[in-house]
Amino acid sequence: MPETIIHVENLSKLYKNNPVKNSGFNYTSTTFWALKDVNFHVMQGDIVNLSGDNGAGKSTLLKILSRITSPTFGKITGFGRINSLLEVGAGFHPELTGIENIYLNGAMLLMNKAQIKLTIDKICDFAGISKHIHVPVKRYSTGMYMRLAFSMAMHLESEILILDEILAVGDHSFQQKCLKKIKDINSKQGRTILMVDHNNKFPKNLYNKQIKLINGRIEL
Ligand SMILES: Nc1ncnc2c1ncn2[C@@H]1O[C@H](COP(=O)(O)OP(=O)(O)OP(=O)(O)O)[C@@H](O)[C@H]1O
C-alpha cells in the first residue's frame, strides 16, 4: 500500500520586495504572497507534474520543499531523502572535478564511499562525460553540467526527486532520454518525483498526478 511521502498543509510564502525610494525621502516596500494556503499530499511512487504560468509560484514551492527557503506559514512533512535539481549548476562545487562532485553529492545524501563508487560508471555513461570526469566542473559546458546533474539525480540514492528547469534545457534527444529514465526509476525503484512541466510538453502517460498553480494558489 503506498503511503504519504509529502504532506503540505496551509503553505503560504510572503516576499518583501526591496524598498524603493518614492518622490520624497521615504521608501515604500511592497509585500507579495508568492504562495497562499497551498494544501496537497504526494504518495510514495507518485510522479507529480507541477505546472503554472510564469510567476505562479512553482519555484518557490520547490525551494520550500527542498528546505532552501522557509514558509511564512504552514507546514511540510516529508518522509525520505530529497534530491533537488532546481537550477543548472546548483549543487556543484565549481573547483571540484566531476567525480569529486559525485562523491560530495552522494555524501550529502548519506551514502557511503563504497555505495557511491558503485554508481560512478553508470552516472558517467548516462551523462556521456566519462572523458571529462577528472576535469573541474567549472570547465564544463552548460549541457555537460546538466547531463551530469541529471544523471547523478537518477543514480544516487534518494526517495524523493525534485526537478525544475533541468528538463527545460538541453537538446531534444537528451530530454527524451531523461523522461524515459524518470519513468524507469519510478517503476523499478518506486521513487517519487516532482517535476515542473515548463512548456506543457510532458506526455500525459508520464505522470499520475497534476498540480497547477495560479497566482500562488492550487487550481481546484
Ligand atoms: N526572493 C524573492 N523576493 C521577492 N519576490 C520573489 C522572490 N522570488 C520570487 N519572487 C516572486 O514570487 C512570484 C513567484 O515566483 P516563482 O519563481 O516561484 O514563480 P514560478 O512559477 O517558478 O515562475 P517561472 O515559471 O517564471 O520560473 C513571482 O512574482 C516572483 O517575482
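The model shown is predicted, which means the values in this text are computed figures rather than measured ones. (Residues numbered from 1 in each chain as written. Predicted model: local features only at pLDDT ≥ 70, side-chain atom pairs only at ≥ 80, totals over all residues. Heavy atoms only, no water.)

Enquirer: Honestly, the pattern of salt bridges in this entry has me stumped. Any pointers?
Expert: Pairing is possible between side chains that carry opposite charge, provided their charged atoms lie close to one another. Counted by the stated rule, this structure contains 4 salt bridges. Note that R81 and E159 form a salt bridge whose closest N and O atoms lie 3.0 Å from each other. Residue R81 is found in the loop between β6 (73–78) and β7 (82–85), and its partner E159 is found in the loop between α4 (142–155) and β8 (160–163); the two are separated by 78 residues along the sequence. A single network of salt bridges, built from pairs that share partners, joins R81, E157 and E159. (Salt bridge = Lys/Arg side-chain N within 4 Å of Asp/Glu carboxyl O. Helix = DSSP H or I, 4+ residues; strand = E, 2+ residues; numbered from the N terminus.)

Enquirer: Help me understand the site of the ligand, please; the structure alone is not making it clear to me.
Expert: All residues adjacent to the ligand are Y15, N17, F32, A34, D53, N54, G55, A56, G57, K58, S59 and T60. At the level of elements, β4 (31–43) and α1 (58–65) are the ones that each hand at least two residues to the shell around the ligand. (Near = heavy atom within 4 Å.)

Enquirer: Is there a simple way to think about the sheet that holds β4 in this case?
Expert: Pairing between the strands of a sheet comes from backbone hydrogen bonds, and it takes one of two forms, parallel or antiparallel. What the 3 strands build is an open sheet, ordered β4-β1-β6; its pairing is antiparallel. The open sheet has two edge strands, β4 and β6, and neither has a second partner. Pairs of neighbouring strands in the sheet enclose a mean axial angle of 15°, with direction left out of account. Note: strand β1 (residues 4–16) against β4, 9 bridges, orientation antiparallel. Bridge pairing in β4 links H7 to H41. Sheet contacts for α1: β1, β4 and β6; angle to β1, the most-contacted strand, approximately 120°. (Pairing = 2+ DSSP bridges. Axes fitted to C-alpha atoms, helices over the stretch in contact; angles between N-to-C directions. Contact = heavy atoms within 4.5 Å.)

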